[in-house]
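Descriptive analysis of the structure
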Amino acid sequence: MSNPTAPDPHESAAVAERIERRWAILVCALVASTVAMVIYTGVHWSMMPPSRVETIRPETLHVQGEFIESNLGSAVEPDGTVTVRVIAQQYSFTPQCLLVPADTPITFRATSADVVHGFLVTDTNINSMVEPGYISTFKTTFSAPADHLMPCHEYCGTGHQGMWAHVKVIDRADFLQMAAHSRRLSCVK
Ligand code: CUA
């Protein structure tokens, strides 16, 4: 005589198959919706993976090219915008204090001399990684004079927590007056 409380093996297999099929459908739907989202944002909003990658040799940063010491800091471009060049290294930024004008399009160009660092300006949406071998570029405009902290926010070694810089935003007219006397500006004392 069979035990009436024992599960029927055929019925257990049917339940398992039903659950597996539901999970398979759910996973396929998730993959399909993710792919659809990538296609939609790519076609409709022209959102692509980064393609304009600028590389640089970290071991010759201080010797030649854009990031030699005399070229670091803020420079006024012929079109009136300002470009700020910064190097991150264990455990500081050069320059340690960035001087920029308010109400002016600013382009930051940063690279690392050693390991991956973080570039974050408090009270703004500037937040980037700075990687050796690559130039990180980002643009912003500061609306008003202010002092911002700029901590490294990628763990880069034992001195990471002491890696800070400052961004000092000053009046545009004052900045241009200072720029008339100096090719590269910073607020390093
Ligand atoms: Cu540099 Cu953390």
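Quick look at the domain arrangement of the protein now. Looking at the protein, the domain boundaries give domain 1 (9-48) and domain 2 (58-181). Here the C-alpha centre of domain 2 lies 44 Å away from the C-alpha centre of domain 1.

To continue, consider the environment of Ala-29. Its location among the elements puts Ala-29 in helix α1 (residues 9-44). In this structure, the C-alpha to C-alpha distance between Ala-29 and Thr-104, residues 75 residues apart in sequence, is 47 Å.

What follows concerns the packing of aromatic side chains. Applying the stated criterion across every chain yields a total of four aromatic pairs. Ring geometry for Phe-119 and Phe-138: centres 4.9 Å apart, planes at 70 degrees, overall edge-to-face. In this pair, Phe-119 sits in strand β6 (residues 117-120) while Phe-138 sits in strand β8 (residues 136-141), placing the two residues 19 residues apart along the sequence. On the basis of relative accessibility, which here comes to 0%, the residue Phe-119 falls in the buried class. Among the aromatic residues, those joined into a cluster by ring pairs are Phe-93, Phe-108, Phe-119 and Phe-138.

Attention now goes to the nonpolar core. Counting 31 residues, the largest nonpolar core has Phe-108, Phe-119 and Phe-142 as its most contacted members. Secondary structure elements with two or more residues in this core: β2 (82-89), β4 (97-101), β5 (105-112), β10 (164-170) and α2 (172-179). Setting aside its immediate chain neighbours within four residues, Phe-108 contacts Val-84, Leu-98, Phe-119, Ile-126, Ser-136, Thr-137, Phe-138, Thr-140 and Phe-142.

Residues Ser-128 and Val-130 line the buried face of strand β7 (residues 127-130), whereas the alternating positions Asn-127 and Met-129 sit on a face that is not buried. The turn joining β6 and β7, which pair antiparallel and follow one another in sequence, is formed by six residues; a positive phi near 65 degrees is taken by Asp-123.

Inspection of the secondary structure puts His-62 in the loop between α1 and β1 (73-76). By relative accessible area, which is 52% here, His-62 ends up exposed. Through-space distance from the C-alpha of His-62 to that of Ala-113 is 8.8 Å; in sequence the pair is 51 residues apart. Setting aside residues up to four positions removed in sequence, His-62 forms contacts with Ile-68, Ile-87, Gln-89 and Ala-113.

Thresholds applied
- Residues numbered from 1 in each chain as written.
- Predicted model: local features only at pLDDT ≥ 70, side-chain atom pairs only at ≥ 80, totals over all residues.
- Heavy atoms only, no water.
- Domains from an automatic or database assignment.
- Helix = DSSP H or I, 4+ residues; strand = E, 2+ residues; numbered from the N terminus.
- Phe/Tyr/Trp six-rings, centres within 6.5 Å; stacked < 30°, edge-to-face > 60°.
- Buried < 20%, exposed > 50% of the residue type's maximum accessible area, 1.4 Å probe, protein only.
- Core = buried A, V, L, I, M, F, W, Y, C linked by side-chain atoms within 4.5 Å.
- Contact = heavy atoms within 4.5 Å.
- Pairing = 2+ DSSP bridges.

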